[in-house]
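# Examining the three-dimensional arrangement
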Amino acid sequence: MFSQRAALIADTAIAILAERGTRGLTHRAVDEAAALPPGSTSNHARTRAALLELALSRLVERQEAAFSAALAAVAPGKRGKAADLAALVARALHTAMTEQRETTIARYELAMEANRRPELRKVYDELGRRYREPVTALLTAAGSPDPVRQGRQLVAYAEGLLFDAVVGAGGTPSLDDLRAAFGELLGLFLRD
């Protein structure tokens, strides 16, 4: 949980990452963009690595909240049907492509930075695990014969579509297109 000031700093850092990339993210840039007194960001995140970790942690918190809200929209009794799971995943992915586009771009910036910074890689990998566990749980509840393997495949498929839509040349698919794509994949996984 973030304090109000830490959330402001982290949210501003996410916006800067999306707009300017990792090179544009500095303590001073965050202070200026958030209209904070000079040195405020340094008080919460002393080093660049700490600022990157703060942004990554906040980003994951925001995306987990969005995924939880989408999950809550699916009635517990319906979680076993491929079509209902496809609708859930399609809605979450479409939101990441459209309403949360800035957050998604910042996450990709942080993913690339994590390849260069072992200390951030450790945090990124741990937080990434938190994305896969709910997917595995959903597939388990739906009767998947191999929820761990299929969960990894589902996340990889979703990430490919997301990357192509947000930073690739693919454009943003409609919610109906995503629902159909995930319906086909989950139909194969669950044999509905």
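The rules we used
- Position numbers for residues start from 1 in each chain and track the written sequence from start to end.
- In keeping with the model being predicted, local features are shown solely for residues with a pLDDT of at least 70 and side-chain atom pairs are shown and tallied solely at 80 or more, while totals for entire chains, interfaces and linings include all residues.
- Excluding hydrogens and water, the side-chain figures rest on all heavy atoms present in the structure.
- Helix and strand assignments come from DSSP, with helices taken as H or I runs of at least 4 residues and strands as E runs of at least 2, each series counted from the N terminus.
- Under the scheme applied here, a residue whose accessible area is under 20% of the maximum for its type counts as buried, over 50% as exposed, and between as partly exposed, the area being computed with a 1.4 Å probe on protein chains only.
- Identification of polar contacts relies on pairs of N or O atoms within 3.5 Å, with a donor-acceptor requirement for protein atoms, meaning one able to donate a hydrogen and the other able to accept it, and with residues adjacent in sequence counted only if both atoms are side-chain atoms.
- In what follows, residue pairs with any heavy atoms lying within 4.5 Å of each other are defined as contacts.
- Pairing of aromatic side chains here covers Phe, Tyr and the six-membered ring of Trp, requires ring centres within 6.5 Å, and sorts the geometry by plane angle: under 30 degrees stacked, over 60 edge-to-face, intermediate tilted.
- The criterion is that NZ of a Lys, or CZ of an Arg, lies within 6 Å of the ring centre and within 35 degrees of the ring normal, and then a charge sits over that ring.

Another aspect to go through is the side chain of Thr103. With respect to the helices and strands, the residue Thr103 is situated in helix H6 (residues 101-114). Given the relative accessible area of 4%, Thr103 is considered buried. A distance of 2.7 Å separates a polar atom in the side chain of Thr103 from a polar atom in the side chain of Arg62. Setting aside residues no more than four positions away along its own chain, Thr103 makes contact with Ile14, Leu59, Arg62 and Gln63.

What follows covers the packing of aromatic side chains. A complete count under the given rule lists two aromatic pairs for this structure. Taking the centre distance of 5.2 Å and the plane angle of 75° together, the rings of Tyr108 and Phe163 count as edge-to-face. Of this pair, Tyr108 sits in helix H6 while Phe163 sits in helix H8 (residues 147-166); the two residues are 55 residues apart in sequence, bridging distant segments of the chain. Under the relative-accessibility criterion, Phe163 is labelled partly exposed at 43%. The ring of Phe2 is capped by Arg58, whose NZ or CZ atom sits 5.6 Å from the centre of that ring.

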